[in-house]
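Given next are the chains, with one letter for each unit.
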There are 2 protein chains.
Amino acid sequence: MMRLAVAAAAAVLAGSGVQAQELSEDARAHARSLADVALESDLAYRLTESLTTEIGPRLAGTPQEARARDWAVEMFTELGFENVRVEYFPMDLWTRGHSIFEEVAITHPYPQELYATSLGGAAATPEGGLEAEIVFFDSFDDLLEFDGAEDALEGKLVFVNDRMTATRTGEGYGWANRKRTQGWVQAENRGAAGLLIRSVGTSSHRFAHTGMMSFPAQRLPDIPALAVSAPDADQIERIHASGETMRVALRTYAGWRGEVASGNVIAEITGAGAPEEIVIIGAHLDSWDTGTGALDDGAGVGIVTAAARLIMEAGVRPRRTIRVVLFGAEEVGLVGARAYASARQEDGTLDQHIIGSESDFGARKVWRLSSGVGEHAVGFFDAMQEEMEFLGIERGGNSSGGGPDMIPLAAMGVPMARLDQDGTDYFEFHHTPNDTFDKIVPEELAQNVAAWAMFTWFLADTDVDFRARPETEAEDAAEGEPAR
Amino acid sequence: MMRLAVAAAAAVLAGSGVQAQELSEDARAHARSLADVALESDLAYRLTESLTTEIGPRLAGTPQEARARDWAVEMFTELGFENVRVEYFPMDLWTRGHSIFEEVAITHPYPQELYATSLGGAAATPEGGLEAEIVFFDSFDDLLEFDGAEDALEGKLVFVNDRMTATRTGEGYGWANRKRTQGWVQAENRGAAGLLIRSVGTSSHRFAHTGMMSFPAQRLPDIPALAVSAPDADQIERIHASGETMRVALRTYAGWRGEVASGNVIAEITGAGAPEEIVIIGAHLDSWDTGTGALDDGAGVGIVTAAARLIMEAGVRPRRTIRVVLFGAEEVGLVGARAYASARQEDGTLDQHIIGSESDFGARKVWRLSSGVGEHAVGFFDAMQEEMEFLGIERGGNSSGGGPDMIPLAAMGVPMARLDQDGTDYFEFHHTPNDTFDKIVPEELAQNVAAWAMFTWFLADTDVDFRARPETEAEDAAEGEPAR
Ligand SMILES: [Zn+2]
Ligand SMILES: [Zn+2]
Ligand SMILES: [Zn+2]
Ligand SMILES: [Zn+2]
């Protein structure tokens with residue numbers, strides 16, 4: 001209560017006139033009853049089960065992703081959503097081209113197969129494969145700062161060994177991911193034959209974590225780039241420590257396959273009072289090819305869809321329109337999210353987007369409500385958190401983004417909020433074959449839906465504007481790019 | 001102490017004349033100092049690291065297993081063991097013939113790849129693969145009792161879904177393993193095109209548990225037989241529950257490759273007083289092909305070798321000879337163990353084997369001392385356990401075997417004992433790619449060595465005979481076949 005009072009006072013000071021009691025008695029009672037229903041509902045669980053069972057892996061741009069769109073359209077329609085549609089966009093297809101278990105082996109000094117997987121965007125080896133000496137870097141910083149001879153990496157395989165630490169917020173991911181996203185440029189610029197990295201993620205299991213690389217200035221790699229599972233990276237580390245020269249052979253088939261179509265699937269509950277005002281909640285439909293995308297992001301699909309559906313079922317239309325967007329091609333560079341934001345610029349509806357949020361961090365419980373809204377609206381979020389506290393949800397700061405697929409909208413000035421999930425073990429499974437439906441705990445998923453139903457209801461049934469007011473405040477920078 | 005007194009009284013009643021104080025003050029002090037050194041030693045850890053790093057997977061009969069023998073001979077020699085030698089024996093080689101990730105996919109109703117691996121001894125699919133309908137059995141018992149039409153399984157893929165439960169003793173393994181060892185016979189006798197089973201083991205990770213099938217009357221299968229990872233078995237179960245007909249396609253390359261050589265590596269510490277009396281301690285050198293055999297049984301190799309070496313280092317030769325045997329070809333049917341026992345029958349030294357034990361249940365702490373000895377010697381074990389209690393070791397019963405490779409010797413009347421390890425999570429890793437060195441906790445491994453050093457010392461420095469005395473007692477049956 002004290003915290004709320006302080007926040008309300010701050011809001012008053014900022015001249016917004018927003019009061020602590022901005023959540024009406026009615027809105028609070030309705031939100032609470034939505035949560036009660038959500039906690040007893042298995043809808044999100046069944047949706048996630050259906051998507052992962054009936055479609056499974058759905059790599060962006062593939063026929064599997066297209067089947068997922070068909071699934072989503074049918075599902076939204078059956079659940080009674082309005083304005084169900086697909087917005088298509090073009091994208092460049094990358095595929096592994098072969099088994100997800102690629103042929104990688106230490107050949108010297110101790111021949112042994114390694115469990116490794118190509119990073120998204122990597123090139124194939126030359127036909128017939130390649131074999132080269134490993135140059136070992138203990139960290140990505142060591143590679144960045146490498147001042148060896150001009151030709152020291154020429155024809156070699158660069159190995160980068162950074163280890164990621166598990167945290168609730170997943171904050172170690174960005175740092176650990178630099179080798180994955182940027183390592184290839186460093187290696188290729190020095191003439192390396194390829195890049196190997198210790199798998200990003202915190203798992204000690206023998207699956208390597210895949211994920212997209214970055215392509216500065218549209219440049220694409222000519223070299224293979226692979227993640228090696230943690231136990232296999234240990235093996236490389238041990239051999240390196242022994243002082244032996246080490247050689248690795250690999251044969252991979254990855255590559256870019258040309259332009260294809262992907263799409264965003266959109267569905268709505270039309271607002272009763274101000275239907276042109278849009279609260280956008282999202283998740284992404286595509287997944288990596290190795291798991292079945294249950295945690296990333298089947299759970300998010302289930303959560304936001306179920307939350308909206310429960311609001312619909314409760315029989316009271318919110319003031320604003322709730323728009324659910326299941327984005328395509330998130331994993332390969334937010335392609336769907338960028339297409340969505342561009343289309344809104346073109347059709348002139350960007351300003352109608354009142355606030356946005358995405359569920360894309362697994363299926364563990366929500367533990368925090370964060371916002372990225374105008375200072376005058378912080379009190380509204382404080383009041384929301386008070387209502388959600390019985391779900392175990394704390395109040396986070398006001399410099400949050402809304403999730404990966406919200407980044408383009410946030411960059412165009414759309415306010416954001418986020419229900420932060422516990423990510424302590426997210427990177428045990430993320431982007432590996434272990435991302436499967438059995439990892440989801442039904443009660444935890446239901447808690448997410450309860451939080452999302454309350455959150456979405458509060459945002460959609462108010463007339464509070466969440467945009468920053470540039471004349472009275474400086475805009476906060478959003479936090480770093482979230483996990484994808 | 002009370003327990004010891006009771007046991008001693010029983011021994012007296014049995015007319016053996018064994019006393020509670022059969023462990024001399026000297027033996028107890030020496031054993032305790034061995035344990036103190038062992039708890040500070042990383043020798044077992046380093047040996048296991050060396051075997052898994054320098055050799056890695058070492059499937060029975062392959063060049064990798066031969067390299068492991070070379071490794072063992074060199075290692076024993078460097079450590080100062082005596083009579084280091086290899087005893088070769090012939091065996092039939094079976095290999096997977098291809099990647100350890102086999103090509104298995106649901107084709108109908110929801111196309112999706114499955115993570116599966118051939119069971120040891122299985123045949124390949126026809127060239128080009130096969131596709132067939134799944135007939136789902138919830139348990140192996142259901143398959144045994146199946147009374148469907150004569151041709152109900154003809155050309156079908158039999159799927160068996162038994163789930164294993166994790167226990168400290170691993171006692172659920174034998175039951176869960178019936179589908180693995182015997183399932184193919186049931187399927188093939190009914191004309192099935194192949195067998196798929198839910199992976200034995202308790203892991204929820206996406207690796208299937210391999211292991212040898214059984215071959216009654218030397219019969220070998222003509223059909224493929226594979227384990228499917230737990231999340232993929234869930235997928236099959238969900239589709240089955242939906243009532244849909246399900247089809248699976250597979251292409252595998254497994255098969256028998258003809259006769260090759262394997263071998264047991266033997267090393268000794270010659271006894272000072274009765275060198276012809278042998279205390280045999282063992283582990284197995286071969287492993288499955290998918291992991292690096294760290295828990296199964298690199299840890300055992302490290303434990304028994306380090307225990308013997310620490311006894312040697314302490315500078316007091318025991319009365320009896322300590323013989324360390326690293327068996328070959330355990331995983332494929334105790335081939336090395338049978339060869340060893342047969343050779344001892346032939347060379348007439350079987351009766352010189354006073355007692356035997358093997359370490360082959362991972363790397364977690366020893367929690368129990370079990371025996372399979374004459375009733376007159378139970379008190380000796382009770383006294384040993386009292387000495388080992390500070391390591392957290394309880395006393396088990398007297399109907400224990402000595403471990404998988406001790407089965408042939410036990411069957412020929414050699415007394416047995418066992419230091420039971422905590423197996424609660426053993427089947428998370430066992431016979432999967434996840435059986436790697438990083439799963440071993442150094443302190444837990446050192447506790448094993450401490451227990452083994454005391455145990456081996458007590459058994460080797462006494463003149464107690466452990467054989468049952470048939471004239472005064474009925475021989476106990478050994479417990480069921482342990483994990484392999
Ligand atoms: Zn992702
Ligand atoms: Zn994601
Ligand atoms: Zn085994
Ligand atoms: Zn074993």
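Residues numbered from 1 in each chain as written. Chains lettered and ligands numbered in written order. Predicted model: local features only at pLDDT ≥ 70, side-chain atom pairs only at ≥ 80, totals over all residues. Heavy atoms only, no water.

**What to know about the overall build of chain A**
- Along its length, chain A carries 13 helices and 16 strands.
- Its C-alpha radius of gyration of 23 Å places chain A within 12% of the 23 Å reference for a compact globule of 484 residues.
- Counting only C-alpha atoms and orienting by the principal axes, one finds that chain A spans roughly 70 × 45 × 40 Å.
- Counting over 484 residues, chain A shows a buried share of 62%.
- In chain A, the share of contacts with a sequence separation of at least 24, taken over all contacts with a separation of at least 6, comes to 84%.
- Roughly 17000 Å² of accessible area belongs to chain A as shown, and the carbon and sulfur atoms make up 49% of that amount.
- Charge-centre separation for chain A: the mean point of 39 positive side chains lies 1 Å from the mean point of 77 negative side chains. (Helix = DSSP H or I, 4+ residues; strand = E, 2+ residues; numbered from the N terminus. Rg over C-alpha atoms; globule rule 2.2 N^0.38 Å. Buried < 20%, exposed > 50% of the residue type's maximum accessible area, 1.4 Å probe, protein only. Contact = heavy atoms within 4.5 Å. Areas by Shrake-Rupley, 256 points an atom, 1.4 Å probe, with all protein chains shown as cover. Lys, Arg positive; Asp, Glu negative; His and termini not counted. Charge placed at Lys NZ, Arg CZ, Asp CG, Glu CD.)

**Observations regarding the domain arrangement of chain A**
All names here are of chain A.
- Per the domain assignment, the segments making up chain A are domain 1 (2-94 + 259-460) and domain 2 (101-255).
- For domain 1 versus domain 2, the separation of C-alpha centres amounts to 34 Å.
- Taken residue by residue, the interface counts 20 residues in domain 1 and 25 residues in domain 2.
- Surface buried jointly by domain 1 and domain 2 totals about 1800 Å² across both partners, of which 62% is contributed by carbon and sulfur atoms.
- Looking at the side of domain 1 facing domain 2, the largest losses of area belong to Trp94, Phe427 and Glu428, adding up to 38% of the total buried there. (Domains from an automatic or database assignment. Buried area = accessible area lost by both parts, 1.4 Å probe.)

**Overview of the packing of helix H3 (residues 43-54) of chain B against helix H14 (residues 442-460) of chain B**
All names here are of chain B.
- Following both chains from N to C, one finds H3 and H14 inclined at 115 degrees, their axes separated by 8 Å at the closest point. In terms of axis orientation, H3 runs roughly perpendicular to H14. On the side of H3, the interface is formed by Ala44, Tyr45 and Thr48, while H14 contributes Pro442, Leu445 and Val449.
- Partitioning the contact of H3 with H14 into residue classes produces five nonpolar, one polar and no charged. (Axes fitted to C-alpha atoms, helices over the stretch in contact; angles between N-to-C directions. Parallel < 35°, antiparallel > 145°, perpendicular 65-115°, else oblique. Nonpolar A, V, L, I, M, F, W, Y, C, P; charged D, E, K, R; others polar.)

**Notes on the coordination of the zinc ion (ligand 2)**
Residue and element names in this part refer to chain A.
- Listed as protein donors to the zinc ion (ligand 2) are His284 (NE2), Asp296 (OD), Asp360 (OD) and Asp360 (OD); their distances from the metal cover 2.0 to 2.4 Å.
- Between the four donor atoms coordinating the zinc ion (ligand 2), the angles at the centre fall across 57 to 144 degrees, so the site counts as irregular.
- Spacing between the donor residues of the zinc ion (ligand 2) along the chain follows H-x11-D-x63-D.
- Separating the zinc ion (ligand 2) and the zinc ion (ligand 1) is a distance of 3.3 Å, and aspartate 296 donates to both of them. Placement of the pair is aspartate 296 in helix H8 (residues 294-313) and aspartate 360 in the loop between strand S13 (353-358) and strand S14 (366-372), with a sequence separation of 64 residues.
- Judged by relative accessible area, aspartate 296 falls into the buried class, the value being 2%.
- A residue is classified by how much of its surface remains accessible, and aspartate 360, at 1% relative accessible area, is buried. (Donors = N, O, S within 2.8 Å, 3.2 Å for Na, K, Ca; no water. Tetrahedral: all angles 85-135°; square planar, octahedral: opposite > 155°, others 65-115°.)

**Quick notes on the interface of chain A and chain B**
- On the chain B side, the residues contacting the 33 residues of chain A number 33 residues.
- For the pair chain A and chain B, the summed buried surface comes to about 2600 Å²; carbon and sulfur atoms form 54% of the total.
- Counting across the interface, chain A meets chain B through zero salt bridges.
- For the pair chain A and chain B, the interface holds 19 residue pairs in polar contact (both at pLDDT 80 or more).
- Listed by contribution, the elements that provide at least two residues to the side of chain A that touches chain B are helix H3 (43-54) and helix H7 (230-241) of chain A.
- Top contributing element to the side of chain A that touches chain B by residue count: H7(A), with five residues. (Salt bridge = Lys/Arg side-chain N within 4 Å of Asp/Glu carboxyl O. Polar contact = N/O pair within 3.5 Å; in protein donor to acceptor, adjacent residues only side chain to side chain.)

**Considering the packing of helix H9 (residues 294-313) of chain B against H14(B)**
All names here are of chain B.
- Their axes nearest at 8 Å, the elements H9 and H14 cross at an angle of 50 degrees. When the interaxial angle is binned, H9 and H14 end up oblique. Note that H9 runs across H14; the crossing there is right-handed. Seen from H9, the contacting residues are Ala299, Ile303, Val304, Ala306, Ala307, Leu310 and Ile311; seen from H14, they are Leu445, Asn448, Val449, Trp452, Ala453, Thr456 and Trp457.
- Residues of the contact of H9 with H14, tallied by class, amount to twelve nonpolar, two polar and no charged. (Left-handed = near helix turned anticlockwise from the far one by under 90°.)

**Structural notes on the relation of the copies chain A and chain B**
- Of the transformation placing chain A onto chain B, the axial shift is 0.0 Å and the rotation is 180 degrees, giving an RMSD of 0.0 Å. The two molecules are tied by a two-fold rotation axis, judged by turn and shift. Relative to the rotation axis, the C-alpha of A:Phe101 is the closest in chain A, positioned 3.6 Å from it. (Least-squares fit on C-alpha atoms with pLDDT ≥ 70 in both.)

**A look at helix H6 (residues 172-189) of chain A**
All names here are of chain A.
- Between its terminal C-alpha atoms H6 stretches 27 Å, which fits the 26 Å expected from 18 residues at 1.5 Å a residue.
- Among the 18 residues that make up H6, 13 are buried, leaving the element largely enclosed by the rest of the structure.
- Following H6 by one or two positions, glycine 191 has its phi on the positive side, about 85 degrees. (Expected span 1.5 Å × (residues − 1).)

**Some thoughts on the pattern of salt bridges**
- What the rule picks out here adds up to 60 salt bridges over all chains.
- Residue A:Glu65 is joined to A:Arg69 by a salt bridge in which the shortest nitrogen-to-oxygen separation is 3.3 Å. Of this pair, A:Glu65 and A:Arg69 are both found in helix H4 (residues 63-78), four residues apart, which corresponds to roughly one turn of the helix. Here the two residues A:Glu65 and A:Arg69 agree in accessibility, since each one is buried.
- In this structure, B:Glu131 engages B:Arg247 in a salt bridge whose closest nitrogen and oxygen atoms are separated by 3.6 Å. Here B:Glu131 is found in strand S5 (residues 130-137), whereas its partner B:Arg247 is found in strand S9 (residues 247-251), with 116 residues between them in sequence.
- By relative accessible area, which is 42% here, B:Glu131 ends up partly exposed.
- B:Arg247 gets classed as partly exposed once you look at its relative accessible area, which sits at 30%.
- Look at the salt bridges and you will find they share partners, linking A:Arg163, A:Arg198, A:Asp234 and A:Glu237 into a network.

**What about the environment of A:Gly80?**
- For A:Gly80, the location among the structural elements is in the loop between H4 and strand S1 (82-95).
- Between the C-alpha atom of A:Gly80 and that of A:Glu268, which follows or precedes it by 188 residues, the distance is 9.3 Å.

**Considerations on the packing of aromatic side chains**
- Following the criterion strictly, the structure yields 35 aromatic pairs over all chains and no others.
- Note on A:Phe380 and A:Phe381: the rings are 6.3 Å apart at their centroids and 70 degrees apart in plane angle, and the pair reads as edge-to-face. Across the pair, exposure class does not vary: A:Phe380 and A:Phe381 are buried alike.
- Both rings, one in B:Trp184 and one in B:Phe215, keep their centres 6.3 Å apart while their planes meet at 45 degrees; by these two values the pair is tilted. Taken together, the residues B:Trp184 in helix H7 (residues 178-189) and B:Phe215 in the loop between strand S7 (194-198) and strand S8 (225-228) connect sequence positions 31 residues apart. (Phe/Tyr/Trp six-rings, centres within 6.5 Å; stacked < 30°, edge-to-face > 60°.)

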